[in-house]
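Descriptive analysis of the structure
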Amino acid sequence: MLGGKWKLVLLWYLSEQPRRFGEINRCFPEMTQSMLTKQLRELEQDKLVHREVYKEVPPKVEYSLTELGEKFFPIIETMFEWGEKYLDN
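Keep in mind it's a predicted model, so treat the numbers as computed, not measured.

So, how was this worked out
Starting afresh in each chain, residues are numbered from 1 along the sequence in its written order. Restriction of local features to residues with pLDDT of at least 70 applies here, the model being predicted, together with a cutoff of 80 or more for giving and counting side-chain atom pairs; totals for whole chains, interfaces and linings are based on all residues. Side-chain metrics rest on all non-hydrogen atoms present in the structure, leaving aside hydrogens and water. Like charges are joined within 9 Å and nonpolar side chains (Val, Leu, Ile, Met, Phe, Trp, Tyr) within 5 Å, but only among residues with over 30% relative accessible area and no salt bridge; these make up the patches. Methods summary: accessible areas were calculated by the Shrake-Rupley approach with a probe of 1.4 Å, and residue burial reflects only the protein chains presented. A side-chain nitrogen of Lys or Arg and a carboxyl oxygen of Asp or Glu constitute a salt bridge if their distance falls within 4 Å. Think of it this way: any DSSP run of H or I at least four residues long counts as a helix, any run of E at least two long counts as a strand, and we number them from the N terminus. Categorising residues by exposure relies on relative accessible area from a 1.4 Å probe, with only protein chains included: less than 20% of the type maximum marks a residue as buried, more than 50% marks it as exposed, and the intermediate range marks it as partly exposed. Helix span, expected: 1.5 Å multiplied by one less than the number of residues in the helix. Arc definition: it is the arc formed by the directions from the helix axis to the C-beta atoms. Here a residue-residue contact requires only that any non-hydrogen atoms of the pair lie within 4.5 Å. We call Phe, Tyr and Trp rings a pair once their centres come within 6.5 Å, taking the six-membered ring for Trp, and we label the pair stacked below 30 degrees between planes, edge-to-face above 60, and tilted otherwise. We treat two strands as partners when DSSP finds at least two bridges between them. The definition of a nonpolar core used throughout is a set of buried Ala, Val, Leu, Ile, Met, Phe, Trp, Tyr and Cys residues joined through side-chain atoms within 4.5 Å.

Section: a nonpolar patch on the surface
- A cluster of nonpolar side chains, W82, Y86 and L87, forms an exposed patch at the surface whose accessible area comes to about 440 Å².
- Mapped onto the fold, Y86 is located in helix α4 (residues 67–88).

Rendered as structure tokens:
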């Protein structure tokens, strides 16, 4: 579910608020657009991320954490805290 370089980072970023695709893409310029799409689709398939499509012109798509994703977030925070302590030593 969380394999790969970007999934934990994306979950962390989406935990703050729902984000549009372009906003996510601009925040991570070192990630290709195709990789971002792939990672978001996999997170959506794993039910950690929700994709909301608004019927507008131009189309608006927002990504947010699902209930399952929100329940997983404390684990990500704990991993971050552990990493901070480990890097300080």
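Looking at the environment of E42
- Within the secondary structure, E42 sits in helix α3 (residues 33–45).
- The class of E42 is partly exposed, set by a relative accessible area of 21%.
- Distance from E42 to M1, taken between C-alpha atoms, is 7.9 Å for residues 41 residues apart in sequence.

Things to note about α3
- Its 13 residues give α3 an end-to-end C-alpha distance of 18 Å, which sits within 8% of 18 Å, the value for a rise of 1.5 Å per residue.
- Within the sequence span of α3, burial applies to L36, Q39, L40 and L43. Axial view of α3: buried residues confined to an arc of 95°, hence all on one face. Exposed side of α3, more than 90 degrees from the buried face: S34, R41 and Q45 are the residues found there.
- If you follow the buried residues of α3, they end up packed against α1 (7–16), α2 (21–27), β2 (49–54) and β3 (60–65).
- K47 sits one or two residues past α3 and shows a positive phi near 65°.

Some thoughts on the packing of aromatic side chains
- Applying the stated criterion across every chain, the model contains five aromatic pairs.
- Each ring, one from W6 and one from F28, has its centre 6.0 Å from the other, and the planes form 65°; the classification is edge-to-face. Of this pair, W6 sits in the segment before α1 while F28 sits in the loop between α2 and α3, placing them 22 residues apart in sequence.
- The exposure class assigned to W6 is buried, which follows from its relative accessible area of 11%.

Brief notes about the sheet that holds β3
- Taken together, three strands build an open sheet; the order of strands is β1-β3-β2 and the sheet is antiparallel. Edge positions in the open sheet fall to β1 (19–20) and β2, since each of these has one partner strand only.
- Bridging between β1 and β3 involves two bridges; their strand directions are antiparallel. Counterpart to R19 in the pairing with β3 is Y63.

Thoughts on the nonpolar core
- L10, L11, I24, L40 and Y63 are the most contacted members of the largest nonpolar core, which totals 20 residues.
- Among the elements that take part in this core, α1 stands out by supplying four residues, more than any other.
- Residues contacting L40, with those up to four places away along its chain left out, are L10, L14, F21, I24 and Y63.

These figures come from the coordinates and say nothing about function on their own.
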